[in-house]
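# Chains, contacts and geometry: an overview
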Amino acid sequence: MLDYPQSRSVADVARNAVAALRRVPLRRTDVAVSTGANLAVSVLPFLVARGVPVHYIESATRVTGPSASGRIIAALPRVNLYAQYESWATGRWGFGGTVFDGYAAEAGEPRAVKKVVVTLGSSEGYGFRRVLERLVQVLPPEVEVLWQTGVTDVSGLPIDARASMPARELADAVREADVVVAHAGTGSSLGALQNGKLPVLVPRRAAFGEHVDDHQQQIADMLSGRGLALVREADQVSLADLEQAAGASVHEQASPPPFRLKGTS
């Protein structure tokens, strides 16, 4: 319904705010929940002003503190705020759990790799060519690879790249693959874990113009600490890393802790 905003784009926030006033059914909203989306800055202020109960759950990518969107939303009165990490759940920021609580991984013997999924998400305006160049070097020619590359410039690379693909098709490919190599985004990480794969995560770096900041390093370190990812820099990924990740298994916890919204049952 609203356009996906560029990170920290004031113009996009304003444009979506105008669209929200015209198109979002504010008067018929009983409760609003945001999981850290940029769109929250455009929509939630109107809902707060109308007395709608609002719950803002900061993105799991924000391991050490709130995002710019979160800091803006926190300035609004009566918004219920949630961190996904206890380490910074202070003041108005409560802790309700994290989306990664539901997964556990077990190491295994390294396994030969025949099918690989490489997914770089859909970050608008930020390519990640370094990891593609490295993988082209280390992957044997007989390995079958699905390359989902987003906006990354792939000119001159010997790969059959797809900028985007339907979520179900990507999930099916991940399920059938031996290993997944991904940028350290929440969606890509969860997509691998949900389909039983220990991802090889390669954080984007702001110094190379690959993202607005280095928050992907934070989520990569957190998942590595939980044993839910193998983390490497773009120029360090090796075939042995992929074989190690392929030998691991991931499963969902039988009874993950529930995430409870304030004032609800």
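What counts, and where the lines are drawn
- Residues numbered from 1 in each chain as written.
- Predicted model: local features only at pLDDT ≥ 70, side-chain atom pairs only at ≥ 80, totals over all residues.
- Heavy atoms only, no water.
- Buried < 20%, exposed > 50% of the residue type's maximum accessible area, 1.4 Å probe, protein only.
- Helix = DSSP H or I, 4+ residues; strand = E, 2+ residues; numbered from the N terminus.
- Contact = heavy atoms within 4.5 Å.
- Core = buried A, V, L, I, M, F, W, Y, C linked by side-chain atoms within 4.5 Å.
- Pairing = 2+ DSSP bridges.
- Axes fitted to C-alpha atoms, helices over the stretch in contact; angles between N-to-C directions.

Along helix H7 (residues 215–225), the residues classified as buried are His-215, Gln-216, Gln-217, Ile-219, Ala-220, Met-222 and Leu-223. Against the buried residues of H7 lie strand S9 (179–183), helix H6 (186–194), strand S10 (200–202) and strand S11 (230–231). Positive backbone phi, approximately 75 degrees, marks Gly-227, located one or two places after H7.

Our focus in this paragraph is the nonpolar core. Counting 70 residues, the largest nonpolar core has Ile-73, Phe-100 and Leu-135 as its most contacted members. In terms of residues, this core owes the most to one element, helix H2 (residues 40–49), which gives six residues. Filtering out sequence-adjacent residues up to four positions away, Leu-135 remains in contact with Val-118, Trp-147, Val-181 and Val-237.

In this section: the sheet that holds strand S3 (residues 79–83). Strand order across the open sheet formed by four strands is S1-S2-S3-S4, with parallel pairing between neighbours. A single partner strand is all that each edge strand has here, and the edge strands are strand S1 (32–34) and strand S4 (93–95). Adjacent strand axes in the sheet meet at a mean angle of 25 degrees, parallel and antiparallel pairs treated alike. In this sheet, S3 lies alongside strand S2 (residues 54–57) in parallel orientation, the contact comprising four bridges. The residue bridging Tyr-56 from the neighbouring strand is Leu-81, located in S3.

In short, the description is geometric, and any link to function would need to be established separately.
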